[in-house]
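Descriptive structure summary
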Amino acid sequence: MATLKFKDASSPYKQPLPSPPPEDYIFQKYLEDLAPKKELHHPKIKLALFGVGRAGTIHLSNIIASPRVKLLYIVDDLESNWESIKEHWHLEDVMFLTSEESSRVYRDLNVDAVIVASPTYTHEAIVTRSLEAKKAVFCEKPVAQDRLNTVRCYETARKVGKPLFCAFNRRFDPCYSTVRQRVRKGEVGHVHVIKTVARDSPLPGIEYLKTSGGIFHDCMVHDFDLITWILGEYPNKVAVRAHAHIPEIKALGDYDTVVATLHFPSGTLGVIDISRNSPVGYDQRLEVFGPKGLITADNERPLHSVTMQRGLQGATQAPIWYSFASRFMNGYRRELDHFINVVLGKSELSVTSEETLAVCKIACACEESAKTGKMVEINWPANEIPRNTENLI
């Protein structure tokens with residue numbers, strides 16, 4: 001009876017219901033679906049998907065799950081996979097084409113947009129032809145294999161008035177976007193150190209790595225984009241050490257392990273720790289430190305609420321997510337929603353051409369530092385500094 005005096009006699013039904021926290025993004029989406037608004041009605045975006053491999057399969061799943069799009073074409077040169085893909089996803093009304101037959105996509109006026117998830121070396125041609133055919137373009141990074149051709153792709157997009165979206169999916173991850181919001185609110189003060197860990201799982205196949213563009217342009221660009229997006233600032237000096245522990249990767253002239261330090265004009269330091277081969281799962285961590293505190297985004301687990309204790313061995317948990325397809329599932333879904341909103345004219349493109357080109361420039365500088373063993377300075381002409389960036393350079 002000692003706690004009886006604390007009993008609240010009023011009914012919870014007579015009190016205001018608590019509002020769902022904004023962090024529960026899944027419930028927020030549920031509320032939107034529960035009470036759809038007529039003014040949100042929109043036509044379906046008609047799509048063509050180029051490539052159904054590592055990333056393309058993720059996009060295919062999200063396309064099919066979205067009520068806002070309709071898939072018209074799949075372009076993929078592995079014809080032996082067509083039937084199984086068609087049966088698995090029930091794509092009886094989708095036309096499959098080889099790359100040699102892709103001109104049909106460009107000629108089809110019903111196609112509003114194209115998603116490019118084919119091998120890296122094919123991106124530039126598909127992006128250019130799609131834009132010239134007045135299609136909006138969603139492209140896995142990189143847009144092209146060098147800076148000059150990337151610039152040309154964006155110039156074509158501006159000329160025809162269609163969006164070109166480079167898919168840096170980390171930005172759309174709920175945890176990482178929350179970290180950015182809190183940093184931008186000043187919760188840690190001026191950032192002194194920002195760190196990322198990105199260790200791949202499983203080890204990518206050699207055939208993929210041969211055409212990937214290398215660890216700096218294929219893998220590390222995500223960390224360059226994430227750090228600069230959070231800070232709103234671009235590094236003026238980078239120093240990198242890299243090594244290839246795996247003989248097959250060394251034979252490609254590439255690296256499997258990289259540590260980079262970045263110096264920013266405001267005094268912020270960045271540290272990036274990258275590996276192609278994590279034995280513990282897809283190791284993805286972010287830390288932001290400042291004079292007011294620390295914000296971290298630790299590894300996520302598929303069964304995060306389950307622990308096991310056996311004998312005196314201590315408590316164990318489920319392993320972290322195994323690979324990028326599972327860890328960044330929400331990021332991939334949310335970036336597609338963003339692209340749809342851009343095509344419909346409801347949102348501005350969140351990844352600008354200047355940001356994409358800036359990331360490419362940082363990657364080139366880091367690659368140079370790794371090869372020479374020297375610190376590399378990065379100069380930023382005014383026309384290369386992305387919009388909404390603190391111009392301290």
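Residues numbered from 1 in each chain as written. Predicted model: local features only at pLDDT ≥ 70, side-chain atom pairs only at ≥ 80, totals over all residues. Heavy atoms only, no water.

1. Re the UniProt feature "domain: Gfo/Idh/MocA-like oxidoreductase C-terminal" (unreviewed entry) in the protein
When the UniProt feature table is mapped onto this chain, "domain: Gfo/Idh/MocA-like oxidoreductase C-terminal" (unreviewed entry) is found at residues 180-378. Secondary structure content for residues 180-378 is 35% helix and 25% strand, and the end C-alpha separation is 24 Å. (UniProt positions renumbered as here; feature names shortened; annotations may be inferred. Helix = DSSP H or I, 4+ residues; strand = E, 2+ residues; numbered from the N terminus.)

2. Observations concerning the UniProt feature "domain: Gfo/Idh/MocA-like oxidoreductase N-terminal" (unreviewed entry) in the protein
Sequence positions flagged by UniProt for "domain: Gfo/Idh/MocA-like oxidoreductase N-terminal" (unreviewed entry) are, in local numbering, residues 45-166. Note that residues 45-166 is 39% helix and 23% strand, and that its end C-alpha atoms are spaced 18 Å apart.

3. Digging into the environment of G373
Following the sequence through the fold, G373 ends up in the loop between α14 (353-372) and β15 (376-377). Between the C-alpha atoms of G373 and P43, which are 330 residues apart in sequence, the distance is 54 Å.

4. Some details on the sheet that holds strand β2 (residues 69-75)
Read across the sheet, 6 strands follow the order β3-β2-β1-β4-β5-β6 without closing on themselves; strand pairing throughout is parallel. Because the sheet does not close on itself, it has two edges, and the strands there are β3 (95-97) and β6 (164-167). Geometrically, the sheet is characterised by an average inter-axis angle of 20° between neighbouring strands, direction not taken into account. Bridge count between β2 and β3: 3 bridges; the pairing is parallel. By the bridge assignment for β3, I74 is matched with F96. (Pairing = 2+ DSSP bridges. Axes fitted to C-alpha atoms, helices over the stretch in contact; angles between N-to-C directions.)

5. Things to note about the domain arrangement of the protein
Domain boundaries assigned for the protein yield domain 1 (45-167) and domain 2 (170-377). Contacts between the two partners involve 28 residues from domain 1 and, on the opposite side, 32 residues from domain 2. In terms of surface lost to domain 2, no three residues of domain 1 exceed R54, R68 and F165, which account for 25% of the buried area on that side. Between the two partners, domain 1 and domain 2, sit 2 salt bridges. Note that K141 and D218 form a salt bridge whose closest N and O atoms lie 3.0 Å from each other. For the side of domain 1 that touches domain 2, the secondary-structure elements that each account for two or more residues are α2 (56-65), β4 (113-116), β5 (136-140), α6 (147-160) and β6. Counting residues per element, the side of domain 1 that touches domain 2 draws most heavily on α6, which supplies 5 residues. (Domains from an automatic or database assignment. Contact = heavy atoms within 4.5 Å. Buried area = accessible area lost by both parts, 1.4 Å probe. Salt bridge = Lys/Arg side-chain N within 4 Å of Asp/Glu carboxyl O.)

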